[in-house]
Amino acid sequence: MLSIQYIRENKAEIIAACKQKNLDPKVVAEVLSVNTLRKQLQNETDTLRQQSNMIAEAIKQAVGSGQKPTTKQTEAGKKIKDQLKELEPKLKEAEASFAEKMLEIPNVPAADVPVGADESGNKVVKTIGKPKQFAFTPKPHHELMEQADMLDTRRAVRIGGFRSYFLKNDGVLLEQTLLQYALRKLENLGFTLLSAPVLVNEETMWGTGYLPWGQEDHYLTQDKQFLAGTSEVALTAFHTGELLREKDLPIKMAGISPCFRREVGAHGKDTQGIIRVHQFNKVEQVVYTVADENKTREWHEQMTHLSEELLADLELPYQVLLMCTGDMGAGQRKKYDIETWFPAQKKYRETHSASYFNDFQARRLDIKYQASDGTKKFVYTLNNTMAASPRLLAAIVENYQQKDGSIVIPKVLQAMMGKKLITPVAQ
RNA sequence: GGAGAGGUGGCGGAGUGGUCAAUCGCAACGGUUUCGAAAACCGUGACUCUUUCGGGUCCCGUGGGUUCGAAUCCCACCCUCUCCGCCA
């Protein structure tokens, strides 16, 4: 959410932002016109309420000096009450409509975000590590994992439908090790560890900006709770409605949770393997900073760098992409995706995503802090993937495969995993 | 699921129809003072009208209702806590 003052003063910029993000810009005009109506109705009701209060005050004075209210007074009061009964529902409606429209206004992309309609407009910022040259044709991760008895999709699909999977044996252990490694890394950097709720209410989904834009990407329960697609939702909302102190900032949180995605727009994509699934596990970083875009941009770089460091630890080749306007979320100012090399596909595939929002989410969630100058400001929020499995797990498996189908455990995970090699199992 | 208690400003905690935006305590921040600090004193929400000075409305979980007038009375809902039941 942006402030109405900002929207009023920067109408053209926001209309441009809508277009750049492939959203309908008509909400901008709508929010401004309903705001005018709202103010007008408020002025009218305020005037009536003032009159009503004056009558009540006069009666109070009379009663205080032992007199009784006159019929004239009570009649006048009643008349105003009738008028208010007509006017107030209109004001309520205008206010509700205003609040609703405000939640449909997207954030403006940062100045250095490339304008583009879709993923073709994304820019590769850097490419790190060289894809390993295999002396044989590398197999896709799912084949390797099945051979090593780490994965069963055939039975899973019978149980949970398309895109379901069982991790098995070393698959389970390697996933746990990877997530644990990511958590430890963040813990060592002073992040607060949180095992986050996945079942969240509608307000929280609105607050983080997943509504109205991402409605169809989420599962909704019969109790009107959503299954969150990421622990970003719960972590970003952690201090909802609170007034923090500047000295509390930055607040650094590391969440771990299952994540649920409907993948409705992805029919026919990634039908092989476990790159695109409805349920996965993820370690996520969420940070609140002071209300200073330079500070938040520093954190954006730093958080992205933490993910890069994890990939470097795992010795996986990757590239960092600066996402263009058409490929970023409505609430985001700027987003980097990290894509990790998948040798069997001969492609870099998205494994991480780092975004910053300024106060877009904090306004919706009402998360403020008292700044050192005494004023109250909204915090600036950011989030980033630290490790998402099974996607990153699949990357490890593909990159670490050997000719005989065995999989070397990345060095940094060996001690925690308790082994150095996963070998195929005779079928 | 059953029974009970409760939701008041950053926190604690008064307040049972008009003198309540709300006593009091603590904290944070700003101001005055100071070489600086402490102490002391003053101030601190949202919206809105106004060039300024200043004015108005709203804000006691949420939404309705009663009343000239509601934090206070009535109704519904939400949430929290305690006990019981069920249960990973």
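Residues numbered from 1 in each chain as written. Chains lettered and ligands numbered in written order. Predicted model: local features only at pLDDT ≥ 70, side-chain atom pairs only at ≥ 80, totals over all residues. Heavy atoms only, no water.

### Brief notes about the overall build of chain A
Scanning chain A from N- to C-terminus turns up 13 helices and 18 strands. Dimensions of chain A, computed from C-alpha atoms along their principal axes, come out at roughly 100 × 45 × 40 Å. Relative to its 427 residues, chain A shows a buried fraction of 49%. In chain A, the share of contacts with a sequence separation of at least 24, taken over all contacts with a separation of at least 6, comes to 73%. A total of about 20,900 Å² of accessible surface is found on chain A, and carbon and sulfur atoms cover 50% of it. (Helix = DSSP H or I, 4+ residues; strand = E, 2+ residues; numbered from the N terminus. Buried < 20%, exposed > 50% of the residue type's maximum accessible area, 1.4 Å probe, protein only. Contact = heavy atoms within 4.5 Å. Areas by Shrake-Rupley, 256 points an atom, 1.4 Å probe, with all protein chains shown as cover.)

### Brief notes about the packing of aromatic side chains
Per the counting criterion, the structure on display carries 3 aromatic pairs. Here W213 and F360 contribute two aromatic rings whose centre-to-centre distance is 6.2 Å and whose plane-to-plane angle is 35°, an arrangement assigned as tilted. On the criterion of sequence distance, the pair formed by W213 in the loop between α8 (202-208) and β6 (219-220) and F360 in helix α11 (residues 360-365) is long-range, its members being 147 residues apart. On the basis of relative accessible area, F360 is assigned to the buried category, the value being 0%. It is R38 that lies over the ring of F98; its NZ or CZ is 4.5 Å from the centre. (Phe/Tyr/Trp six-rings, centres within 6.5 Å; stacked < 30°, edge-to-face > 60°. Lys NZ or Arg CZ within 6 Å of the ring centre and 35° of its normal.)

### Considerations on the protein's contact with RNA strand B
Around RNA strand B sit 23 residues, and of these Q42, N43, D46, K60 and G374 come closest. If you look at RNA strand B and keep only atoms within 4 Å of the protein, 82% of those are sugar or phosphate atoms. Between RNA strand B and R38 there is a distance of 3.3 Å, counted from a sugar or linking oxygen to a side-chain nitrogen or oxygen. Here a sugar or linking oxygen of RNA strand B and a side-chain polar atom of Q370 are 2.9 Å apart. Broken down by element, the residue count for the surface near RNA strand B peaks at 11 residues, all from helix α3 (residues 26-64). (Near = heavy atom within 4 Å. Polar contact = N/O pair within 3.5 Å; in protein donor to acceptor, adjacent residues only side chain to side chain.)

### Quick word on the sheet that holds β6
Across the sheet, 3 strands lie side by side as β5-β7-β6; this open sheet has antiparallel pairing. The outermost strands of the open sheet, each flanked by one partner alone, are β5 (199-200) and β6. (Pairing = 2+ DSSP bridges.)

### Overview of the pairing of strand β9 (residues 251-260)
Most of β9 is tucked away, with 7 of its 10 residues classed as buried. Sheet analysis places strand β4 (residues 192-195) next to β9, joined by 4 bridges and oriented parallel. Its bridge partner being in β9, L194 is matched across the sheet by G255.

### Quick notes on the domain arrangement of chain A
Entries for chain A in the domain assignment read domain 1 (4-102) and domain 2 (119-422). Spacing between the C-alpha centres of domain 1 and domain 2 amounts to 44 Å. Tallying the contact residues gives 4 residues for domain 1 and 8 residues for domain 2. Across the domain 1 to domain 2 interface the summed buried area is about 470 Å²; carbon plus sulfur atoms make up 50%. When the area that domain 1 buries against domain 2 is broken down by residue, the three leading residues are Q20, K21 and L23, summing to 81%. Scanning the region where domain 1 abuts domain 2 turns up 0 salt bridges. Across the contact surface, domain 1 and domain 2 share 5 residue pairs in polar contact (both at pLDDT 80 or more). Among the residues making up the side of domain 1 that touches domain 2, the classes are represented as 1 nonpolar, 2 polar and 1 charged. (Domains from an automatic or database assignment. Buried area = accessible area lost by both parts, 1.4 Å probe. Salt bridge = Lys/Arg side-chain N within 4 Å of Asp/Glu carboxyl O. Nonpolar A, V, L, I, M, F, W, Y, C, P; charged D, E, K, R; others polar.)

### Here we look at the packing of α3 against helix α4 (residues 71-102)
Orientation of α3 relative to α4, taken along the N-to-C sense of each, is 155°, at an axis distance of 8 Å. By the angle between their directions, the pair α3 and α4 is classed as roughly antiparallel. The crossing of α3 and α4 is left-handed. When its residues are assigned to classes, the contact of α3 with α4 shows 16 nonpolar, 10 polar and 8 charged. (Axes fitted to C-alpha atoms, helices over the stretch in contact; angles between N-to-C directions. Parallel < 35°, antiparallel > 145°, perpendicular 65-115°, else oblique. Left-handed = near helix turned anticlockwise from the far one by under 90°.)

### Quick notes on the confidence of the model for chain A
Across chain A, the average pLDDT comes to 93, with 100% of residues at or above 70. Predicted complex metrics record ipTM = 0.86 and pTM = 0.93. (pLDDT = per-residue confidence, 0-100.)

### With respect to unusual backbone geometry
In this structure, the amide linkage connecting L211 to the following residue, P212, adopts the cis form with an omega of 5°. Position of P212 among the secondary structure elements: in the loop between α8 and β6. Even without glycine at this site, N169 takes up a positive phi of about 50°. Relative to the helices and strands, N169 resides in the loop between β3 (166-167) and α7 (170-188). Non-glycine residue E315 carries a positive phi angle of around 55°.

### Some thoughts on the packing of α7 against helix α10 (residues 293-313)
Direction vectors running N to C along α7 and α10 enclose 130°, while the axes themselves pass 11 Å from each other. Here α7 is positioned oblique relative to α10, judged by the angle of their axes. For the crossing formed where α7 meets α10, the hand is right-handed. Note on element contacts: α10 touches α7 through L306, E309, L310 and D313, opposite Y181, A182, K185 and L186. Taken together, the residues of the contact of α7 with α10 sort by class into 5 nonpolar, no polar and 3 charged.

### A few points about the nonpolar core
Formed by 56 residues in total, the largest nonpolar core has its most connected members in L174 and L392. Looking at which element gives the most residues to this core, the answer is α7, with 7 residues. Look past the residues within four positions of L392 in its chain and what remains in contact with it is L178, L310, L311, L314, L316, T340, T351, H352 and A387. In this structure, L235, L244, I367 and Y369 belong to the second largest nonpolar core, which totals 19 residues. (Core = buried A, V, L, I, M, F, W, Y, C linked by side-chain atoms within 4.5 Å.)

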